[in-house]
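Structural characterization, general
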Amino acid sequence: MAPDPLSLPAIHASHVGIWLADPHRGVQRVGRGEAIAAVAATPHLLLGATLAGDRLGYPELSGLDLLELFAFLYPARFAVPTPAGIAAAIGLDAPRAEDDIAAFLPRAAAAMLASVDDPDWPEREGAWHALQALGRQRWPWTPLLQPRLAPPEQADRWLFARLPEWEEAPPRPAPRQVALNPDDVAARLDRLTGDGAERRAGQQDYARATAAIFAPRERKDAPQMLVAEAGTGIGKTLGYLAPAKQWIDQSAGSVCISTFTKALQRQLARETEKLYPDAATHREKVVVRKGRENYLCLLNLEDALQGGFSGRAAILAQLVARWAAYSRDGDMIGGDLPGWLPALFRRNGTTALTDRRGECIYAGCPHFRKCFIERSARAATQADIVIANHALTMVQAARPRDGGAPATRLIFDEGHHLWDAADSMFAAALTGQEAVEIRRWVLGPEGKSRGRRRGLAARLADVDSYDAAGDKAIQAAIAAAAELPGDGWLARIAENEPWGAIERLLVAVRAMTYARSVDTRGPDSGYGLETELADPDPQLVTAAGGASDAIEALLRPLMALGKRLDALVDDPPDWLDGQARARVDGARNSLGTRVDTLGSWLSLLGRVGGPADPDFVDWLAVDRYDGREFDLGLHRHWLDPARPVAEIVYRPAQGVLVTSATLRSGHGGQDAQGGGWTDADIRTGARHMEGSVRHFAVPSPFDYARQSEVLIVTDIARGDLPALAGAYSRLIEASGGGALGLFSAIRRLRIVHARIADRLARAGLPLYAQHVDPLDTGTLVDIFRAEPHASLLGTDALRDGVDVPGDSLRLVVMEGVPWPRPTILHAARRAAQGGSVYDDSVIRTRIGQAFGRLIRRADDFGQFVMLSPSFPSRLLSAFPDGTPIRRLPLDEVVNHVAAANVRHRQSAYAAFSPS
């Protein structure tokens, strides 16, 4: 007979205290030692072992984790991993206070286990067999589930049997050339916003303006392009979806919407449900695309399930398999896999379940026809709307072989991030880690290395056996790849005992970097070192020559192999059957990427001892973390990374929209050339489009003079960490939580969190933090959104990746002006684009994005606090016109925040009290 969950002991640990509950003694508040002794002796019910363990100071805490039970019973369902979140997900009343939570956990466990008795439990298939496997791993929930879960009358289909196979489809025909009627667009927008909704003039104007990108192109390499700024609250998503859907219906074309954050991808997926209300149609017509490393690899999962994982990691693999059977698309990073699930397993095994190391064997995989990655890529070619990210959109434009023909109409939302995305995409880095990756790609596993990675000869065994020219190229590449760094390269560099030409180059890079670099980061020193690639010393010049010869020796046979593979596909021999053809196609894809990389390395090495290229910034770097070296090498970035975006991404398109709430960088909406568009055109690449660009701006409809307030604290000295922590604590207490604290350095974030978390918790104000709490950023934001009295500390990822309307976010606190880091790359761009004017545009954009987190609805009120006594007046234009701005001492700022909190509570009481 199964144990009664109501009879099980439970533990709840927080910054406030620790509570134990059992049916005999009730709920008791206990000390840390007593709690640790109790959980070590008897498994307890708990919620989130990693977070509870951190609060308890006992990292090895384990027991009956309700989150693991939730993941087993309800795979691919959403739940906030808090007592209130679990209560909402399973239909229970949430506990009202910290000391009620321990008693709540047995009730929640009983309610969840009762799901198994429901004949309509939708996730029943596969549960019994998964539980048998989990039982063999001694999963603690097995004894409670086993008596409740009867074997199925008919054998369940195994995961790999239930997943559907994708099918090849003919290419989508080119869209018809049509012109949109503005009245039709307006009517479509009315239908999308809903009957009876107030017609927003700004949104209507925006929709009519964005319709211009769907007009036929007038000449080659000159797309219909619009750069549009839509203030927060305009409703720009539906504003561009309305003309997009109108054009799709009339032209039978497809649209690619590109974002920077996963949060906006999820939001867009939800918004497009208004275009396709039927779930099956929406699944067919709208596809979310991400890079390969985001998706579950079925072969990696099979390896894990068949003994590749052991201990707790094996339990994670079983829970992921349960999820995979019900997942929409197999997206493990920001998809429907609960973001908190991997965090329950401190030695996170999910990275080993994705294709992060280039191990994919394409058609050689037994699950190729069911692969989530391949299914997503093929679905995207048939979809009406593809929701991608900036990096993937650029990859597909630069290397069409990786993802099919690019869409003719492109919409870049979060357009202010195009510069950063392009900066990463079009950069080159000849470093030890990058060279090791190419060596492994060519040679495959060496020595005692494990894994499924296979070298060129194994991946192209057919070519190796049947094609003499191909075999010759493969063998030459294998011989040349031996010159690249292998295992232990970093230790050899440090000891000045290099093997091969590339390691000799890295020795010279390291010596010159240490000799010339100047660490300007003060208390944050010990992280990275860099120096310009200018006037290189003779040792580096000599080493660069040898490295160039070694890279050319590898590049030549790879290029020859690529030509041979192209010839085999164009004129297939008898032995090239369907499976062999798929393997060859996979090899061609990955080969092209490596050839591009090697070519960029040769170009970079040509700079050593040669003339500088004015289009690029080159430097040497030693990458370190906490003073420990982990990589080093040469780097090259475009001086203007938006230029290749214009050349490679924009020009082939028929129409392009670049939009954001903060494209212009201030000056009250104006700049030296009028209109405020100079900075926007620079950072989006529109200035390279030779005058074929339109601009449009519509201000936010919010009344910032009434709904917001900017408070600049004048008496917190820079670098005074105790004062900084005290300011954060007082402000969060004054606001009653609902605060987002933003930092420019992880070190300061951690120090502030450690000083104030317990104090705030005792006041009933939970505090969460990136880089401290063992949860992913998405889960932290979910918790923050769900708990009005919670606060969240974070870094850049939270500055513009958070959408929290309503009461949960009513205060934003920045530790200081977000000055750009004084790197070599930044210095070069600063010199090329106006010096301090460039700095100011970057800073205003960052501040504007942070301020934009506050007001998301017409009934929101928020305060923005800047802890910087020397905040320059010229940066005040980062805030919307009319926003009240006050410079005050901390005591007065705290009073302002407290007064706003009182007004907030009074209005909330009035709204819910009976008249």
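Residues numbered from 1 in each chain as written. Predicted model: local features only at pLDDT ≥ 70, side-chain atom pairs only at ≥ 80, totals over all residues. Heavy atoms only, no water.

1. Section: the confidence of the model for the protein
Threshold: Each residue carries a pLDDT value, the predictor's own confidence for that position, ranging from 0 to 100. Put simply, DSSP H or I for four residues or longer makes a helix, DSSP E for two residues or longer makes a strand, and each gets a number counted from the N terminus. Contacts are assigned to residue pairs that have any heavy atoms within 4.5 Å of one another.
Mean pLDDT over the protein stands at 88; residues scoring 70 or higher make up 93%. Within the protein, helix 3 (residues 66-73) carries the highest mean pLDDT (97), whereas helix 21 (residues 461-466) carries the lowest (72). Every residue in residues 667-675 is under pLDDT 50, and counting partners more than four places away or in other chains gives 15 contacts. Ignoring residues within four places in sequence, the model shows residues 911-915, a span with pLDDT below 50, making zero contacts including any to other chains.

2. Some remarks on the environment of Asp 891
Structurally, Asp 891 can be placed in helix 36 (residues 890-912). Sequence separation between Asp 891 and Ala 727 is 164 residues, and the spatial gap between their C-alpha atoms is 9.3 Å.

3. Comments concerning the packing of helix 30 (residues 721-735) against helix 31 (residues 746-762)
In plain terms, the rule: To obtain each axis, a line is fitted to C-alpha atoms, and for helices this fit is confined to the stretch in contact; angles are then taken between N-to-C directions over 0 to 180 degrees. Put simply, angles under 35 degrees are roughly parallel, angles over 145 are roughly antiparallel, angles from 65 to 115 are roughly perpendicular, and the rest are oblique. Left-handed describes a crossing in which the near helix is turned anticlockwise from the far one by less than a right angle; the clockwise case is right-handed. As a working rule, the residues Ala, Val, Leu, Ile, Met, Phe, Trp, Tyr, Cys and Pro are called nonpolar, Asp, Glu, Lys and Arg charged, and the rest polar, with Gly in that last group.
Direction vectors running N to C along helix 30 and helix 31 enclose 50°, while the axes themselves pass 9 Å from each other. The orientation of helix 30 with respect to helix 31, classified from their angle, is oblique. Judged by the sense of rotation from one axis to the other, the crossing of helix 30 with helix 31 is right-handed. Residues Leu 721, Pro 722, Leu 724, Ala 725, Tyr 728, Ser 729, Arg 730, Ile 732 and Glu 733 of helix 30 form the contact with helix 31, whose participating residues are Arg 747, Arg 748, Ile 751, Val 752, Arg 755, Ile 756, Arg 759 and Leu 760. Considering only residue class, the contact of helix 30 with helix 31 consists of ten nonpolar, one polar and six charged.

4. So, the nonpolar core
Let me state the cut-off plainly: Among buried residues, those of type Ala, Val, Leu, Ile, Met, Phe, Trp, Tyr and Cys that are joined through side-chain atoms within 4.5 Å constitute a nonpolar core. Exposure categories follow from relative accessible area, calculated using a 1.4 Å probe and restricted to protein chains: below 20% of the type maximum is buried, above 50% is exposed, and the middle band is partly exposed.
Ranked by size, the top nonpolar core spans 101 residues in total, and within it Phe 72, Trp 141, Leu 145, Leu 296 and Phe 864 carry the most contacts. At nine residues, the largest contribution of residues to this core is made by helix 15 (residues 312-324). Excluding residues that lie within four positions of it along the chain, Leu 296 makes contacts with Leu 301, Val 320, Trp 323, Ala 324, Gly 330, Met 332, Leu 353 and Phe 372. Counting 54 residues, the second-largest nonpolar core is a separate cluster that includes Ala 473, Ala 544, Leu 558 and Val 608.

5. Digging into the pattern of salt bridges
Defined as follows: Salt bridge, as applied in this entry: a Lys or Arg side-chain nitrogen positioned within 4 Å of an Asp or Glu carboxyl oxygen.
Throughout the structure, instances matching the rule amount to 38 salt bridges. Residue Asp 384 is joined to Arg 172 by a salt bridge in which the shortest nitrogen-to-oxygen separation is 2.8 Å. Of the two residues, Asp 384 sits in the loop between helix 16 (372-382) and strand 9 (385-389) while Arg 172 sits in the loop between helix 8 (159-162) and helix 9 (182-193), which places them 212 residues apart along the sequence. Under the relative-accessibility criterion, Asp 384 is labelled buried at 7%. Lys 274 is paired through a salt bridge with Glu 271; the nearest N and O atoms lie 3.4 Å apart.

6. Points about the sheet that holds strand 21 (residues 811-814)
Hydrogen bonding along the main chain pairs the strands of a sheet, whether they run parallel or antiparallel. Note the threshold: By this definition, two strands are paired if DSSP reports at least two bridges between them.
Here we have seven strands laid out as an open sheet, ordered 19-20-18-21-22-17-23, and parallel in their pairing. Edge positions in the sheet fall to strand 19 (767-769) and strand 23 (885-888), since each of these pairs with one other strand and no more. Taking each pair of neighbouring strands and ignoring which way they run, the sheet shows an average axis angle of 20°. Pairing of strand 19 with strand 20 (residues 791-794) involves three bridges; the strand directions are parallel. Paired with Tyr 768 across the bridge in strand 20 is Leu 792. With respect to the sheet, helix 30 is in contact with strand 18 (739-742), strand 19, strand 20, strand 21 and strand 22 (862-866), its orientation differing from that of strand 21 by roughly 175°.

7. Brief notes about the packing of helix 4 (residues 83-90) against helix 5 (residues 98-114)
For the pair helix 4 and helix 5, interaxial distance at closest approach is 11 Å and the crossing angle is 30°. One element, helix 4, and the other, helix 5, form an angle in the roughly parallel class. Classified by chirality, the crossing of helix 5 by helix 4 is left-handed. Contact residues: helix 4 offers Pro 83, Ile 86, Ala 87 and Ile 90, while helix 5 offers Ile 101, Phe 104, Ala 108, Ala 111 and Met 112. Considered class by class, the residues forming the contact of helix 4 with helix 5 number nine nonpolar, no polar and no charged.

8. A word on the packing of aromatic side chains
What counts, and what does not: Working definition: rings of Phe, Tyr and Trp (its six-membered ring) pair if their centres are within 6.5 Å, and the pair is stacked with planes under 30 degrees apart, edge-to-face with planes over 60 apart, and tilted otherwise. Look at NZ for Lys and CZ for Arg. If either is within 6 Å of the ring centre and within 35 degrees of the ring normal, a charge sits over the ring.
All chains considered together, the criterion is met by 15 aromatic pairs. Between Phe 70 and Tyr 74 the ring centres are 4.8 Å apart and the planes differ by 65°, which places this aromatic pair in the edge-to-face class. Taking the relative accessible area as the measure of exposure, Phe 70 reaches 2% and is therefore buried. Ring geometry for Phe 616 and Trp 638: centres 4.6 Å apart, planes at 50°, overall tilted. Of the two residues, Phe 616 sits in strand 13 (residues 616-625) while Trp 638 sits in strand 14 (residues 628-638), which places them 22 residues apart along the sequence. The class for Trp 638 is buried, based on a relative accessible area of 18%. Among the aromatic residues, those joined into a ring-pair cluster are Phe 702, Tyr 704, Phe 851, Phe 864, Phe 871 and Phe 879. One cation-aromatic arrangement involves Arg 378 over Trp 166; the distance from NZ or CZ to the ring centre is 3.8 Å.

9. Digging into the sheet that holds strand 13
With antiparallel pairing, the four strands of this open sheet are ordered in space as 11-14-13-12. A single partner strand is all that each edge strand has here, and the edge strands are strand 11 (428-431) and strand 12 (529-532). Within this sheet the neighbouring strands show an average axis-to-axis angle of 20°, counted without direction. Pairing between strand 12 and strand 13: four bridges, direction antiparallel. The residue of strand 13 that forms the bridge with Glu 530 is Ala 621. Sitting on the sheet, helix 19 (residues 432-443) touches strand 11 and strand 14, and the angle it makes with strand 11 is about 85°. Docked against the sheet, helix 24 (residues 500-516) engages strand 11, strand 12, strand 13 and strand 14, running at close to 90° with respect to strand 14.

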